[in-house]
Amino acid sequence: MDVIPAVITGGAVIVGAVVTFFGVLYGHLSARLNALEDDLASARSYNREMWMYCRRLLDMYYRHRVPGAPDPDPLPDEPA
């Protein structure tokens, strides 16, 4: 009769360990995913800046390319 409570306790410990393991795994993967999303947002912002820079260059080329035309702005720095 003492075997059943031990089996129940052992099963509860195993279930608790599995739930804890997957909780830690989920937290770790969630943190890594958030970091990747932040990097992606930064890269998108930089790409938009570069696109606007190129559009200004094309506009300058087609509108102002004569002797003495203004030089383009320097390239934006890529975020670290």
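Residues numbered from 1 in each chain as written. Predicted model: local features only at pLDDT ≥ 70, side-chain atom pairs only at ≥ 80, totals over all residues. Heavy atoms only, no water.

**Student:** Give me the lowdown on the overall build of the protein chain, citing residues and values where you can.
**Tutor:** Scanning the protein chain from terminus to terminus reveals one helix and zero strands. Rg of the C-alpha trace for the protein chain: 29 Å, well past the compact-globule value of 12 Å for 80 residues, more than 25% over. Seen through its principal axes, the protein chain has C-alpha atoms that stretch 100 × 20 × 5 Å. By residue count, 5% of the 80 residues in the protein chain fall in the buried class. (Helix = DSSP H or I, 4+ residues; strand = E, 2+ residues; numbered from the N terminus. Rg over C-alpha atoms; globule rule 2.2 N^0.38 Å. Buried < 20%, exposed > 50% of the residue type's maximum accessible area, 1.4 Å probe, protein only.)

**Student:** Describe the packing of aromatic side chains, with residues and values.
**Tutor:** Applying the stated rule across the entire model yields one aromatic pair. Arranged with centres 5.3 Å apart and planes meeting at 75 degrees, the rings of Phe21 and Phe22 form a pair that is edge-to-face. (Phe/Tyr/Trp six-rings, centres within 6.5 Å; stacked < 30°, edge-to-face > 60°.)

**Student:** Break down the environment of Ala41 for me, with residues and values.
**Tutor:** As for its position among the elements, Ala41 is in helix H1 (residues 3-64). Between the C-alpha atoms of Ala41 and Ser30, which are eleven residues apart in sequence, the distance is 16 Å.

**Student:** Explain the pattern of salt bridges to me, using residue names and the numbers behind them.
**Tutor:** Scanning the model with the defined rule gives one salt bridge in all. Its salt-bridge partner being Arg63, residue Asp59 comes within 2.4 Å of it at the nearest N-O pair. In this pair, Asp59 and Arg63 both sit in helix H1, four residues apart, roughly one turn of the helix. Take Asp59: its relative accessible area is 34%, and that puts it in the partly exposed class. (Salt bridge = Lys/Arg side-chain N within 4 Å of Asp/Glu carboxyl O.)

**Student:** Please give an account of H1 that cites residues and values.
**Tutor:** Along its 62 residues, H1 runs 90 Å from first to last C-alpha, staying within 8% of the 92 Å computed at 1.5 Å per residue. Residues of H1 that are buried include every one of Tyr46, Tyr53 and Met60, and no others. (Expected span 1.5 Å × (residues − 1).)

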